[in-house]
Amino acid sequence: HYGLDYLALGHWHRKYLHPSADGVVRTAYSGTHEPMTFGEIGSGLSTGWASYSSDGDAERFRDGGRGLALLVTIDGPQAPPVIEEVEVGRLVWSAEHRDVGAQSFGSLIGEYSRRESPERTMLRLSLTGVTDPVGYARIEELRQVMLRYHPGSSLNADAVLIAPDPAKLAEVVGDGVLKRVLERLQADGQSPDPEARRVAEHALKLLYRIAWEGQPA
């Protein structure tokens, strides 16, 4: 109605091009100039923006993990705008997963202390797998390396289990309630049911971690 050649809009973090009635795009959101999320739908981790909507459609407002600008060229009055997407973001949001059974902690620590431009990378590292007590003790060392080289990053090691040595497991469990849990799991580990054995094996590793973490430093 106003005869605008082009209308640039803000607030939305995701790029969006809106065609006019004649099909020509004259209105656009460029998106944010720096990424503000890990780019994973439903991750729930971002900065600088929160939805007040409860319609479940908030993802269409979020950025896609890149920092963008739009370069708009208009040859003359009422000419269709030529809109080019330009990636200008310097920050990198990276959600990564590592299996500690497949990669040593020494290798992980070396990797995260030697990355290019680490100060511009926001990391969310999740660890999984099974390790021994010596390896498990190095999780905190890895966390400190990440915080030193990648400020603002996070490390989640809740899924890491400790492989139990039977003698050591009995020692750290002691004679309390955990001993009764251990005996039940050991019995389940001899079950003819493969699923019961699998669950018991996983639970034994978890029990070892709980008992080992509860020991005096």
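Given the structure is predicted, the values throughout are model-derived calculations rather than measurements.

**Quick word on helix H1 (residues 105–113)**
One turn of the α-helix equals 3.6 residues, which is why residues spaced by three or four share an orientation.
Piece 1. Of the positions making up H1, those classed as buried are Phe-105, Leu-108, Ile-109, Gly-110 and Tyr-112.
Piece 2. The inward-facing, buried residues of H1 abut strand E6 (92–99), strand E7 (121–131), helix H2 (133–136) and helix H3 (139–149).

**A look at the pattern of salt bridges**
Piece 1. Applying the stated criterion across every chain, the model contains nine salt bridges.
Piece 2. Glu-111 is paired through a salt bridge with Arg-98; the nearest N and O atoms lie 2.7 Å apart. Highlighted residues: Glu-111 in helix H1 and Arg-98 in strand E6, separated in sequence by 13 residues.
Piece 3. Each of Lys-15, Arg-66, Glu-85 and Glu-87 takes part in salt bridges that share partners, so that together they form one network.

**A short note on the nonpolar core**
Piece 1. Formed by 18 residues in total, the largest nonpolar core has its most connected members in Leu-127 and Leu-142.
Piece 2. Among all residues touching Leu-142, those that are not within four sequence positions of it are Phe-105, Leu-108, Ile-109, Tyr-112, Leu-125, Leu-127 and Leu-155.

**What to know about the packing of aromatic side chains**
Piece 1. Counted according to the given criterion, the structure contains three aromatic pairs.
Piece 2. Ring geometry for Trp-12 versus Tyr-16: centroids 5.6 Å apart, planes at 55°, classification tilted.
Piece 3. Ring centres of Tyr-16 and Tyr-29 lie 6.5 Å apart, and the angle between their planes is 45°; on these two criteria the pair is classed as tilted. Placement of the pair is Tyr-16 in strand E2 (residues 16–19) and Tyr-29 in strand E3 (residues 25–29), with a sequence separation of 13 residues.
Piece 4. Using a relative accessible area of 34% as the deciding quantity, one classes Tyr-16 as partly exposed.
Piece 5. Linked through ring pairs, Trp-12, Tyr-16 and Tyr-29 together constitute an aromatic cluster.

**Brief notes about the sheet that holds E3**
Piece 1. Ordered in space as E1-E3-E2, the three strands form an open sheet in which the pairing is mixed. Each of the sheet's edge strands pairs with one partner strand only, and the pair in question is strand E1 (7–9) and E2. Each strand axis lies, on average, 20° off the axis of its neighbour in the sheet, ignoring direction.
Piece 2. Two strands pair when backbone bridges link them, and E2 and E3 are joined in this way by four bridges, in the antiparallel orientation. Bridge assignment links Pro-19 to a residue of E3, and that residue is Val-25.

**Let's talk about H3**
Piece 1. Every buried residue belonging to H3 is among Ile-139, Leu-142, Val-145 and Met-146, and all of these are buried. Seen from one end, H3 has its buried residues packed into an arc of 120°, which puts them on one side.
Piece 2. Buried residues along H3 sit in contact with H1, E7, H2 and strand E8 (154–162).

**Observations concerning the sheet that holds E8**
Piece 1. The strand order E6-E7-E8 describes an open sheet built from three strands, whose pairing is parallel. Either end of the sheet is taken by a strand with one partner, and the two such strands are E6 and E8. On average, each strand axis in the sheet is tilted by 5° relative to the strand beside it, whichever way the strands run.
Piece 2. Bridging between E6 and E7 involves eight bridges; their strand directions are parallel. Bridge pairing in E7 links His-97 to Ser-126.
Piece 3. On top of the sheet, H1 reaches E6 and E7; it is set at about 175° to E7, its chief contact.
Piece 4. Across the sheet, H3 lies against E7 and E8, angled at about 165° from E8, the strand it touches most.

**What to know about unusual backbone geometry**
Piece 1. Even without being glycine, Gln-78 reaches a positive phi, approximately 70°.
Piece 2. Its location among the elements puts Gln-78 in the loop between strand E4 (68–73) and strand E5 (82–87).

What counts, and at which threshold
- Residues numbered from 1 in each chain as written.
- Predicted model: local features only at pLDDT ≥ 70, side-chain atom pairs only at ≥ 80, totals over all residues.
- Heavy atoms only, no water.
- Buried < 20%, exposed > 50% of the residue type's maximum accessible area, 1.4 Å probe, protein only.
- Helix = DSSP H or I, 4+ residues; strand = E, 2+ residues; numbered from the N terminus.
- Contact = heavy atoms within 4.5 Å.
- Salt bridge = Lys/Arg side-chain N within 4 Å of Asp/Glu carboxyl O.
- Core = buried A, V, L, I, M, F, W, Y, C linked by side-chain atoms within 4.5 Å.
- Phe/Tyr/Trp six-rings, centres within 6.5 Å; stacked < 30°, edge-to-face > 60°.
- Pairing = 2+ DSSP bridges.
- Axes fitted to C-alpha atoms, helices over the stretch in contact; angles between N-to-C directions.
- Arc of directions from axis to C-beta.

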